[in-house]
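Reading the structure
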Amino acid sequence: MEIGAIIHSLDPAVAAANPEEAGAKGELDALLYDRRSENGDFVGTAGSGPFRLSAWEAGKSAVFAANEDYREGRPFVDSIEIQMGRSAHDRVLDLELNKADFAQIPAELARQAADRGVRVSASRPNELLALVFLTGRGTTENVRVREAIARSINRAAIVNFILQKEGEPAGGLLPQWSSGTAFLFSTEADARGAKEIWAQVSPSPKLVLGYDSADTLEQSVAERIVVDAKEAGISLVSRAISASEKANAHGGSEGPTPHSEAIHADARLVRLRMPSPLPSVSLAAFIDRLGPLAGINGSPLPKSASPEDVYDSERSIINGGSVVPLVWLPQVYGLSARVRDWKQPAAGEGWPLADVWLDSTTDVH
Amino acid sequence: MRRLPRLFFLRAIITLAFFAFTAWSSQAQSAAQIPPEWNKALDTLAEKIAATAKPARTFSLDVRNISSLNAGDVTGLRQTLVEDLTGLGFSMTQKLPGEAQLQLTLSESAEDYVWVAEIRHGEAREVVIVSAVRDLVEKAGARKASLTLQRKLVWEQDERILDFALVPDGNAAGASILVVLQPDKIAFYDHRAEAWHLNREIAIPHARPVQRNVGGRIDPQAGTATLVDGVCAGDFQRPETVTCKSVPSAPGADLAMMQGSIVESDAALASTCSGSPLMLSTGSGDWTVRDFIQAYEDKNQREPIAQPIQFPGPILALWPAEDGKTARVVSRNLQTGAYEASIVSVSCGD
């Protein structure tokens, strides 16, 4: 049996510069390694997981073969054939034409893929897209500037038009299904309030909102935020952050958190994927990631995992105004008709490709 | 018990209309009795509200439910909270301008119920929150329990456990042997100095690689441990007599295992208290959530007769033990990743 999969590149340098690539690489590593350390890094040897790398052509393709000796039992499929460098639209097309059995689909393309007959599986929303005011910028030190922009954003429009309703407006740092308290955070736009607050800012600065140049969703959302801001009289422009600029910000390392000073923008969009369904675990990870960017290093971690302590910590960050949650995104996967026993992975879990099997009676090729 | 193919764990979210407080509402509605655990959570919530709401002594109360609680539970919770607040010297009124308002939202997180009280007075808003155990709700009938389920952890290990058994030690009177069946071997442990020590392990040869969903079962009386493509046989009370060999798997056996048809989700036990046989059943969640075992008097599982016993992860195997009064349970601890072998027993009384 073979299973054709998406996937872009296993090149660590490429992965470090592109969040989507980094996510895909992490998912593939999870198929090759048996265990993770406490900090989430993969440990042991590649091939100790359910699959082993059996063929590799840099930048083009790879083949993962089932690990016959895997301690959790041999995977059902014999191998996974991975095509790299496929764009999101190509991936949907591959699924549509039955050239692939599995591919991750951007949330904004989920509806379109389903309309074209692709079998789509969406998780509960577990990835936050947020606007972060970068620390050390004189332009956004004024809390009124941050509040005016935050109030001007029409999250419902982002969900309805850009995401084609495949997501949820976000007011807090955790989704409702995880924390149970997200309803306490407002997601409503307040253009009038934004205008009134902006009028109190003098002199009114010209602001730059950065987005990842390789991320079409971030670009669309950034442009929508600029439109909303302009309606409130706020001077805001969007600007693509290139891979090289991001690489400089990373200082040559592969760490996920760049130095905010190296980004030429006052604010930027950030994607945050929940590492766990547990609210206290995810919130701590988000604080760790956002700290250097937004200057919220001093924000208190939840004192305990109780809903009240998690909410207090979350509220303190939101009230600080440096982080503006925008929308929650689900993980969306396209599957061919012959894939059986697919189980949507929970937040923090890898792709369960060792558990799926292919129904040979369903001829898709 | 986890059945394959794995079904997503879907919870219906029931959204109820707002319940406006009226002075006579307690007469109009019959509330379900709520579990003691929820009473404690409400007591705590009432105390937090009291500490936050002062100096107000009167407020209106709205309750909304955005969780999977049913209408009866919502009514019961509301009435209990009103009683708690009244006992603390507060009185409820209809919504009036200038009066403090209490909004109680019954929500839920990935783990538990989350009950949120928002106290509004003018522009000011204070929020207090408590959590309450969620797993109790599926077993509302268990409140009139007459049995108690108990779990005793016998063994845990990182490697997968398919089944286990405790058998008398044929070489040492009064001692026991723990037999642990894994996909690739069967292990025998002696109990010495308050701990189990490996005595002997025997590899199970397979004609082909071990499948991911391999299952197996020990029959101590028959002296066999059976897998799809392997079998061990001998006198389990004398491990030195046990041998294992590969056997051809029956056609379609793999598929049957994948589809869960040979996986059982309940175990019938002999009469313990009431004279009626007892059925133990697992929850219906997927492999990513905690599980429980519940006791029923009939196979239709209409009436739970005990408080459920919780497990820190999915239950992978549930078999009646040889004595007919206990059950062997293999589960996986989601926090540690370890496989756990436990004995579940039943005792009479609450």
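Calculation criteria
- Residues numbered from 1 in each chain as written.
- Chains lettered and ligands numbered in written order.
- Predicted model: local features only at pLDDT ≥ 70, side-chain atom pairs only at ≥ 80, totals over all residues.
- Helix = DSSP H or I, 4+ residues; strand = E, 2+ residues; numbered from the N terminus.
- Buried ≥ 20, exposed ≤ 12 C-beta atoms within 10 Å, placed from the backbone.
- Contact = placed C-beta atoms within 7 Å.
- Pairing = 2+ DSSP bridges.
- Axes fitted to C-alpha atoms, helices over the stretch in contact; angles between N-to-C directions.
- pLDDT = per-residue confidence, 0-100.
- Core = buried A, V, L, I, M, F, W, Y, C linked by C-beta atoms within 7 Å.
- Nonpolar A, V, L, I, M, F, W, Y, C, P; charged D, E, K, R; others polar.
- Parallel < 35°, antiparallel > 145°, perpendicular 65-115°, else oblique.
- Left-handed = near helix turned anticlockwise from the far one by under 90°.

**Some thoughts on the overall build of chain B**
Along chain B, the regular secondary structure elements total four helices and 22 strands. Counting over 350 residues, chain B shows a buried share of 37%. A separation of at least 24 residues holds for 57% of the contacts in chain B among residues at least 6 apart in sequence.

**Focus on the overall build of chain A**
The helix and strand tally for chain A stands at 12 helices and 17 strands. Across the 365 residues in chain A, those meeting the buried criterion constitute 47%. Nonlocal contacts in chain A, meaning residues at least 24 apart in sequence, comprise 66% of its contacts between residues at least 6 apart.

**Here's the deal with the sheet that holds strand β18 (residues 291–296) of chain B**
Residue and element names in this part refer to chain B. The four strands are arranged β16-β17-β18-β19 in an open sheet whose pairing can be described as antiparallel. Of all the strands in the sheet, the pair left with one neighbour each is β16 (266–269) and β19 (309–311). Averaged over all neighbouring strand pairs, the angle between strand axes comes to 20 degrees, with direction disregarded. Pairing geometry for β16 and strand β17 (residues 278–282), over four bridges, is antiparallel. Bridge pairing in β17 places Leu269 opposite Leu278.

**What to know about the confidence of the model for chain A**
Here chain A averages 85 in pLDDT, and 86% of its residues register 70 or above. Segment residues 1–17 of chain A: pLDDT under 50, and 61 contacts once partners within four positions in sequence are set aside and those in other chains are kept.

**Re the pairing of strand β15 (residues 332–335) of chain A**
Residues and elements named next belong to chain A. As paired elements, strand β7 (residues 102–105) and β15 share four bridges and run antiparallel to each other. Residue pairing across strands places Gln104 opposite Tyr333, the latter belonging to β15. Note: strand β8 (residues 119–122) against β15, four bridges, orientation antiparallel. Across the sheet, the residue bridging to Ser121 is Tyr333, located in β15.

**Here's the deal with the nonpolar core**
Grouped together as the largest cluster of nonpolar side chains are 126 residues, with contacts concentrated most on Ala130, Val132 and Leu326 of chain A together with Leu45 and Trp115 of chain B. At seven residues, helix α2 (residues 36–53) of chain B tops the list of elements feeding residues into this core. Counting residues in hydrophobic clusters, the runner-up holds 49 residues, among them Val179, Ile204, Val242 and Leu269 of chain B.

**Concerning the sheet that holds strand β13 (residues 267–273) of chain A**
All names here are of chain A. Strands sit in the order β10-β14-β9-β13-β11-β12 across an open sheet of six strands; the sheet is mixed. At either end of the open sheet lies a strand with only one pairing partner, and these are β10 (168–169) and β12 (236–241). Taken together, the six bridges between strand β11 (residues 207–212) and β12 define a ladder with parallel strand orientation. The residue of β12 that forms the bridge with Tyr211 is Ala240. On top of the sheet, helix α6 (residues 155–162) reaches β10 and β14 (323–329); it is set at about 30 degrees to β14, its chief contact.

**Points about the interface of chain A and chain B**
Listed by partner, the interface residues are 29 residues for chain A and 28 residues for chain B. Within the side of chain A that touches chain B, the residues separate by chemical class into 13 nonpolar, seven polar and nine charged.

**Describing the packing of helix α5 (residues 143–152) of chain A against helix α8 (residues 191–199) of chain A**
Residues and elements named next belong to chain A. It is at 8 Å that the axes of α5 and α8 come closest, and there the two elements cross at 160 degrees. As summarised for this structure, α5 and α8 are arranged roughly antiparallel, according to the angle between their axes. For the element pair α5 and α8, the recorded crossing hand is left-handed. Residues Arg144, Glu147, Ala148, Arg151 and Ser152 of α5 lie in contact with α8, whose contacting residues are Ala191, Gly193, Ala194, Ile197 and Trp198. Counted by class, the contact of α5 with α8 contains five nonpolar, two polar and three charged residues.

**Topic: the environment of Val114 of chain B**
With respect to the secondary-structure elements, Val114 of chain B resides in strand β5 (residues 113–121). Here Val114 of chain B falls in the buried class, since 27 other C-beta atoms lie within 10 Å of it. Here the alpha-carbon distance between Val114 of chain B and Ile129 of chain B, two residues 15 residues apart in the chain, equals 7.0 Å. If sequence neighbours within four positions are ignored, Val114 of chain B has contacts with Gly180, Thr181 and Pro307 of chain A together with Ser107, Glu108, Ser109, Ile129 and Ser131 of chain B.

**Let's talk about the packing of α6 of chain A against helix α9 (residues 216–231) of chain A**
Residue and element names in this part refer to chain A. Contact geometry of α6 with α9 gives a least axis separation of 11 Å together with a crossing angle of 140 degrees. Judged on the interaxial angle alone, α9 and α6 are oblique. Seen along the crossing, α6 lies across α9 with a hand that is right-handed. When α6 is examined against α9, the residues Ala157, Ile158 and Ile162 are found in contact with a partner set consisting of Ser220, Val221 and Arg224. Of the residues that constitute the contact of α6 with α9, the class distribution is four nonpolar, one polar and one charged.

**Looking at the environment of Gln344 of chain A**
One can find Gln344 of chain A in the loop between β16 (339–340) and β17 (357–358). With 220 residues separating them along the chain, Gln344 of chain A and Arg124 of chain A place their C-alpha atoms 9.1 Å apart.

**Considerations on unusual backbone geometry**
All names here are of chain A. For the peptide bond that leads from Ser202 to Pro203, omega is -5 degrees, which places it in the cis range. With respect to the element layout, Pro203 can be found in the loop between α8 and β11. Phi at Asn98 is positive, roughly 60 degrees, even though this residue is not glycine. Asn98 sits in the partly exposed class, given 15 other C-beta atoms within 10 Å. Positive phi outside glycine occurs at Lys165, with the angle close to 70 degrees. Here Lys165 lies in the loop between α6 and β10.

**Considering the confidence of the model for chain B**
Residues and elements named next belong to chain B. Averaged over every residue, the pLDDT of chain B is 78; residues scoring 70 or more account for 78%. Throughout residues 1–30 the model reports pLDDT below 50, and contacts reaching past four residues in sequence, or to other chains, amount to 57 contacts. Low confidence marks residues 252–263, where pLDDT is under 50. Its contacts with residues over four positions away, or in another chain, come to 21 contacts. The complex prediction reports pTM at 0.70, with the ipTM value standing at 0.86.

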